[in-house]
Amino acid sequence: QVQLVESGGGLVQPGGSLRLSCTASGNIFSINIMGWYRQAPGNQREFVASMGSGGSTNYADSVKGRFTISRDNAKNTVYLQMNNLKPEDTAVYYCYYYRGLNSWGQGTQVTVSS
């Protein structure tokens, strides 16, 4: 079992930036995938970005060129640097860890509004 704790959400103006962090603890295997999904009210949870422990990354088309995912494997932490934020990025962002099954963070609210 893996536990994930997220931080870094908040309110930001369009064009602004936020950095989300997620730290994993528990039964962690060194080879894994960590990443982010998001869910806006009334919408389904959608994929945002992921990163394997070996360094490979994937991004949703909607965030390519604006968001950057990174990891600090020694700290079991994944980050999401979000730049040039848009109102449509407003959602609860959920960190996940994948090793056969998904483990999820508690979610952190990101609101982009003027």
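Residues numbered from 1 in each chain as written. Predicted model: local features only at pLDDT ≥ 70, side-chain atom pairs only at ≥ 80, totals over all residues. Heavy atoms only, no water.

**Comments concerning the overall build of the chain**
For the chain, the helix and strand inventory stands at zero helices and eleven strands. Over its C-alpha trace the chain gives a radius of gyration of 13 Å, about what one expects of a compact globule, namely 13 Å for 114 residues. Across the chain, every contact between residues at least 6 apart in sequence was considered, and the portion connecting residues at least 24 apart equals 53%. If you sum the accessible surface of the chain, you get close to 6000 Å²; carbon and sulfur atoms cover 47% of it. When the 9 positive and 6 negative side-chain charges of the chain are each reduced to one mean point, those points stand 6 Å apart. (Helix = DSSP H or I, 4+ residues; strand = E, 2+ residues; numbered from the N terminus. Rg over C-alpha atoms; globule rule 2.2 N^0.38 Å. Contact = heavy atoms within 4.5 Å. Areas by Shrake-Rupley, 256 points an atom, 1.4 Å probe, with all protein chains shown as cover. Lys, Arg positive; Asp, Glu negative; His and termini not counted. Charge placed at Lys NZ, Arg CZ, Asp CG, Glu CD.)

**Considerations on the side chain of aspartate 89**
By secondary structure assignment, the location of aspartate 89 is in the loop between β8 (77-82) and β9 (91-98). Judged by its relative accessible area of 0%, aspartate 89 is buried. A distance of 2.9 Å separates the side chain of aspartate 89 from the side chain of arginine 38, its partner in a polar contact. Within the local environment of aspartate 89, its side chain forms a polar contact with the side chain of arginine 66, the two groups lying 2.7 Å apart. The contacts of aspartate 89, once residues within four sequence positions are left out, are Arg38, Arg66, Phe67, Asn84, Val110 and Val112. (Buried < 20%, exposed > 50% of the residue type's maximum accessible area, 1.4 Å probe, protein only. Polar contact = N/O pair within 3.5 Å; in protein donor to acceptor, adjacent residues only side chain to side chain.)

**Some words on the pattern of salt bridges**
All told, the structure shown has four salt bridges when counted by the stated rule. Between arginine 38 and aspartate 89 there is a salt bridge; the shortest N-O distance is 2.9 Å. Of this pair, arginine 38 sits in strand β4 (residues 33-39) while aspartate 89 sits in the loop between β8 and β9, and the two are 51 residues apart along the sequence. Considered together, arginine 38 and aspartate 89 belong to a single accessibility category, that of buried residues. Here arginine 66 makes a salt bridge to aspartate 89, at a shortest N to O gap of 2.7 Å. In this pair, arginine 66 is assigned in the loop between β6 (57-59) and β7 (67-72) and aspartate 89 in the loop between β8 and β9, connecting sequence segments 23 residues apart. The same class applies to arginine 66 and to aspartate 89, which are both buried. Look at the salt bridges and you will find they share partners, linking Arg38, Glu46, Arg66 and Asp89 into a network. (Salt bridge = Lys/Arg side-chain N within 4 Å of Asp/Glu carboxyl O.)

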